[in-house]
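Residues per chain are reported as follows:
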Amino acid sequence: MTAPRPAPSRSEIIKRSSLTLALGTMGGILFYQLHFPLAFMIGALVAVTIAAVAGANVRAMPKLRVAMVSILGVMLGSAFRPDIIQHLGAWTVSLIWLVPLIAVTVWLGKLVMQRWAKLDAVTSYFASVPGGLMEMTMIGGAEGGDEKRLSMLHALRIVIVVLILPFWFRFTTGYISPSISLSFNSWPPMVDLVILGVCALCGYPFARLCRLPAPQLTGAMLLSAAAHLSGLTQSSPPALLVATAQTIIGASLGARFRNTPVRFFARTFGIAFVLTLVMVAICVAVAGIVHWMTGLPFNSALLAFAPGGLAEMSLIALYLGGDTAYVAAHHIVRITMVVMLVPPSYKLLKRLFPRWLERPASQ
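The numbering scheme is per chain: residues are counted from 1 as the chain's sequence reads. For this predicted model, a pLDDT threshold of at least 70 governs which residues receive local features, and a threshold of 80 or more governs which side-chain atom pairs are given and counted, while totals over whole chains, interfaces and linings are taken from all residues. Side-chain measures here rest on the full set of heavy atoms in the structure, leaving out hydrogens and waters.

**Digging into unusual backbone geometry**
Notably, arginine 211 is not glycine yet its phi reads approximately 55°, a positive angle. Only DSSP runs of H or I covering at least 4 residues are called helices, and only runs of E covering at least 2 are called strands; the numbering of each starts at the N terminus. Inspection of the secondary structure puts arginine 211 in the loop between helix 9 (190-209) and helix 10 (215-229). The backbone phi angle of asparagine 259 is positive, close to 65°, even though this residue is not glycine. The residue asparagine 259 is located in the loop between helix 11 (239-255) and helix 12 (262-294) in this model.

**So, the pattern of salt bridges**
Salt bridge criterion: a side-chain nitrogen from Lys or Arg within 4 Å of a carboxyl oxygen from Asp or Glu. Summed over the entire model, instances satisfying the criterion amount to three salt bridges. Glutamate 143 is the partner of lysine 347 in a salt bridge, and the nearest nitrogen-oxygen pair spans 3.3 Å. Of this pair, lysine 347 sits in helix 15 (residues 324-352) while glutamate 143 is found in the loop between helix 7 (133-142) and helix 8 (147-173), placing the two residues 204 residues apart along the sequence. Working definition: with a 1.4 Å probe on protein chains only, accessible area under 20% of the residue-type maximum means buried, over 50% means exposed, and in between means partly exposed. With relative accessibility at 48%, the residue lysine 347 sits in the partly exposed group.

**Here's the deal with the environment of alanine 67**
Relative to the elements of secondary structure, alanine 67 occurs in helix 3 (residues 62-77). Take alanine 67: its relative accessible area is 36%, and that puts it in the partly exposed class. When the C-alpha atoms of alanine 67 and alanine 200 are compared, they prove to be 8.0 Å apart, with 133 residues separating the residues in sequence.

Right under this line is the structure:
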């Protein structure tokens, strides 16, 4: 039996975190200077991912990431406006389409992964679920799937969506990221900063108490939305703080690939790329249907159904001028549905169609 690795020392954690932050900051600044969309998050993500696969001793910084996601939650909450009530009917129709979206994505994704990528049935099934990275990895591993491959496929799915969609909007709509002021002169008044800070600090324990999905983001977002809808404040977190949060989130996502062999990473990236394209194609179709049925903007619908992370897709919607509240609401419901319905659905399918889920991958 292999002895467990000793926990890294405090100095080692600081050293690895500093390297990750330095790489992420350089990548973010470079992409910002090149006027890339969502520059700080994508730049940090690309820089740290390359370094991680190359063998750099980077670190995911989970605690710092939680704090930064809370800041983004406050930022997203500031996009909630009183006219949301007028659109609830259209939102209901749109939310209903999440059910067939998830079902078709899992069915078609499993088929592609098993027939084309030659993955086993369990890994193919849980890799094709559009959300729930941690939950699907743990449940899939417990059911006999390849846990390492599952973790990487879900992480790469988010990475690929984050890389594709901003550039897609850039080239199809001509959208150019607005220049933002990173100076301290653009910060809101102190009273507003205190209100926003309370939303960020209290959001996580509030969401945990209410058992909300993605509590580090949804709690701060809901408290911030309440503060803005009530007129308590109309301010948003400073641009410099949001850019820092983007950098840390992107760097933490890229650091997941540390100690991944290049050949394994390349093959898994190829599989994840094809799987993500299948998922995005289904999302485009559903977004088109919802746009036709409700009149909701196609771009917002696409981001709402896209198989990316809640924080990442909501942030893209915010920067592209989409309906952030609509996008965030759909991702919260999607995560809830995936976590609550996919595991019991797997057990039911396993009982009713055992050959469909137990058939080994082709050699």
